[in-house]
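Residue-level structural notes
Here are the chains, one letter per residue:
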Amino acid sequence: HKSIQNPFRAFSFLKQDLAAHIKDETTPIILIHHYGFDDFSRGVVDGEIKTKAQWWSAEERAAYWNLIQTYNVIAIFTGHAHSCEACENCYLPWAKEHVSVKPISKNSIPTFVSGAAREDYYLEVFIYESYLEVFRSYKEEVKYRYAYFF
């Protein structure tokens, strides 16, 4: 793209980009962004929203879900969770119950939290014609493997 997008206009950019480039509803799509749908990113502490540092409000999550649910999103990869101790296996499916939107065409989208390279956490992702495989490692030791057909 010709210019760098302001992160606060990322939603409109994604909407325009998907509409312009994805013409076949079966095209697999992978989305990557900084904040995810883990408790930290939603401002949740002990099961309740307690901080104002919500990176995704309920309204923003609903709008995002409404946008991507009609596409073949096979995975979402996020970062930010520095130690990622709260997500031991890195897999946090973004489920329809996390948004109050109807109708929903999917039940969930596989979502993976990488953790932080500075803490020696990282993901390795292998994408095949109809198969996705994700390894989460800590200091070069594989701690978790997730694989599925899409």
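This report concerns the structure included in the present document. Every chain is numbered on its own, with residues counted from 1 as its sequence reads. Thresholds applied to this predicted model are a pLDDT of at least 70 for local features of residues and 80 or more for the giving and counting of side-chain atom pairs; totals over whole chains, interfaces and linings are not thresholded and use all residues. Heavy atoms from the whole structure form the basis of all side-chain values; hydrogens and water molecules are not counted.

**Remarks on the packing of helix H1 (residues 10-21) against helix H3 (residues 58-68)**
Orientation of H1 relative to H3, taken along the N-to-C sense of each, is 5 degrees, at an axis distance of 11 Å. In this view, H1 runs roughly parallel relative to H3, as classed from their interaxial angle. Facing H1, whose interface residues are Phe11, Leu14, Lys15 and Leu18, H3 presents Ala63, Tyr64, Leu67 and Ile68. Orientation is described by lines fitted to C-alpha atoms, with helices fitted over the stretch in contact, and by angles between N-to-C directions that extend from 0 to 180 degrees. A run of H or I in DSSP counts as a helix once it spans at least four residues, and a run of E counts as a strand once it spans at least two, with each numbered from the N terminus. Geometric relationships in this document are graded by angle, where less than 35 degrees denotes roughly parallel, more than 145 denotes roughly antiparallel, 65 to 115 denotes roughly perpendicular, and other angles denote oblique. Here, residues are in contact when the closest pair of their heavy atoms is within 4.5 Å.

**Examining the pattern of salt bridges**
Salt bridges, as used here, are contacts in which a Lys or Arg side-chain nitrogen is within 4 Å of a carboxyl oxygen on Asp or Glu. Across all of its chains, the model carries 2 salt bridges by this definition. For the salt bridge of Arg145 with Glu133, the shortest nitrogen-to-oxygen distance reads 2.7 Å. You can see Arg145 sitting in strand E10 (residues 141-149) and its partner Glu133 sitting in strand E9 (residues 131-138), a full 12 residues away along the chain. Burial here depends on accessible area, computed with a 1.4 Å probe over protein chains only, as a share of the maximum for the residue type. Under 20% is buried, over 50% is exposed, and the range in between is partly exposed. Residue class for Arg145 comes out partly exposed when judged on its relative accessible area of 46%. What makes Glu133 buried here is its relative accessible area of 11%. For the salt bridge of Lys143 with Glu141, the shortest nitrogen-to-oxygen distance reads 3.5 Å.

**Some thoughts on the side chain of Thr78**
Assignment of secondary structure puts Thr78 in strand E4 (residues 72-78). When residues no more than four places from it in sequence are discounted, the contact partners of Thr78 are His33, His34, Tyr35, Gly36, Thr111, Phe112, Val113 and Ser114.

**Overview of the packing of aromatic side chains**
Each aromatic pair joins two rings of Phe, Tyr and Trp (for Trp, the six-membered one) with centres within 6.5 Å, and gets the label stacked for planes under 30 degrees apart, edge-to-face for over 60, and tilted for any other angle. Within this structure, the stated rule accounts for 6 aromatic pairs. Ring plane angle 20 degrees and centroid distance 5.3 Å describe the contact between Phe77 and Phe112, whose orientation is recorded as stacked. On the criterion of sequence distance, the pair formed by Phe77 in strand E4 and Phe112 in strand E7 (residues 111-113) is long-range, its members being 35 residues apart. You can call Phe77 buried: its relative accessible area is 8%. For the ring pair Phe126 and Phe135, a centre distance of 5.9 Å and an interplane angle of 85 degrees mean the geometry is edge-to-face. Under the relative-accessibility criterion, Phe126 is labelled partly exposed at 34%. Taking the relative accessible area as the measure of exposure, Phe135 reaches 17% and is therefore buried. Clustering of aromatic rings is evident, with ring pairs tying together Phe77, Phe112, Tyr146 and Tyr148.

**Digging into the nonpolar core**
Among buried residues, those of type Ala, Val, Leu, Ile, Met, Phe, Trp, Tyr and Cys that are joined through side-chain atoms within 4.5 Å constitute a nonpolar core. Counting residues in hydrophobic clusters, the biggest one holds 16 residues, and the most contacted among them are Leu18, Leu31, Tyr64, Ile68, Val73 and Ile76. Of all the elements in the fold, those that place two or more residues in this core are H1, strand E1 (28-33), H3 and E4. With 4 residues, the top contributor of residues to this core is H3. Among the nonpolar cores identified, the runner-up in size contains 10 residues, and Leu123, Val134, Tyr146 and Tyr148 belong to it.

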